[in-house]
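Breakdown of the fold
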Amino acid sequence: MGKYNEPLNEEGKKQARIVRDKLKDTKLDFIITSLLLRAKKTAVIINEQRNILIIYDDRISERDFGEFEGQMTKNFDFLLSKYKISKGREYTKLFSKSI
């Protein structure tokens, strides 16, 4: 995803609810999040049934994946071929560092 400002999808909402439930007995003084829609929505879900201060901070930033930004993984083969990166060890190393 990177900096692509997309709303939180259903899977992300489900994951946020799981985190919320796991943190229900944990005292939180505040929540800090980036300005991305999906990050803000995650904070709101975690804050449900609480009254915790949510701090939106533009200094928190996700990675910028350049041409890969916002792309579905099914498009990676095409993009990788543009840069003559073959599948295999280098391909795996590239994505293990960026996901």
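For the structure itself, look to the data block above.
The notes below deal with the structure included here. These numbers come from a predicted model, not from an experiment. (Residues numbered from 1 in each chain as written. Predicted model: local features only at pLDDT ≥ 70, side-chain atom pairs only at ≥ 80, totals over all residues. Heavy atoms only, no water.)

A few points about the side chain of S34
The following threshold applies: Working definition: helices are DSSP H or I runs of at least four residues, strands are E runs of at least two. Numbering for both runs from the N terminus. Any pair of nitrogen or oxygen atoms within 3.5 Å is treated as a polar contact; in protein, a donor-acceptor pairing is required on top of that, and neighbouring residues in sequence qualify only through side-chain atoms on both sides.
Checked against the element boundaries, S34 lands in the loop between β1 (30–33) and α2 (37–46). At 3.3 Å, the side chain of S34 and the backbone nitrogen of L36 are in polar contact.

Some remarks on the packing of aromatic side chains
Two numbers describe a pair of aromatic rings. These are the distance of the centres and the angle of the planes. What counts here: Between rings of Phe, Tyr and Trp, where Trp is taken as its six-membered ring, a pair exists when centres lie within 6.5 Å; planes separated by under 30 degrees are stacked, by over 60 edge-to-face, and by other angles tilted. The rule is short: NZ of Lys or CZ of Arg within 6 Å of the ring centre and within 35 degrees of the ring normal puts a charge over the ring.
Within the structure shown, the criterion is met by zero aromatic pairs. Sitting above the plane of the Y56 ring, K40 keeps its charged end 5.8 Å from the centroid.

Brief notes about the environment of R38
For clarity, the cut-off: For each residue, the accessible area found with a 1.4 Å probe, counting protein chains only, is set against the maximum for its type, and the residue is called buried under 20%, exposed over 50%, and partly exposed in between.
Relative to the elements of secondary structure, R38 occurs in helix α2. Classification of R38 by relative accessible area gives buried; the value is 14%.

Concerning the pairing of strand β2 (residues 53–56)
We count it as follows: Only when DSSP finds a minimum of two bridges between them are two strands counted as paired. Here, the term right-handed applies to a crossover whose path from the first strand over the helix to the second runs clockwise when the strands point away from the viewer.
As paired elements, β1 and β2 share four bridges and run parallel to each other. Residue I31 lies in a different strand from β2, and its bridge partner there is I54. Between the parallel pair β1 and β2, the chain is carried across by α2, and the sense of this crossover is right-handed.

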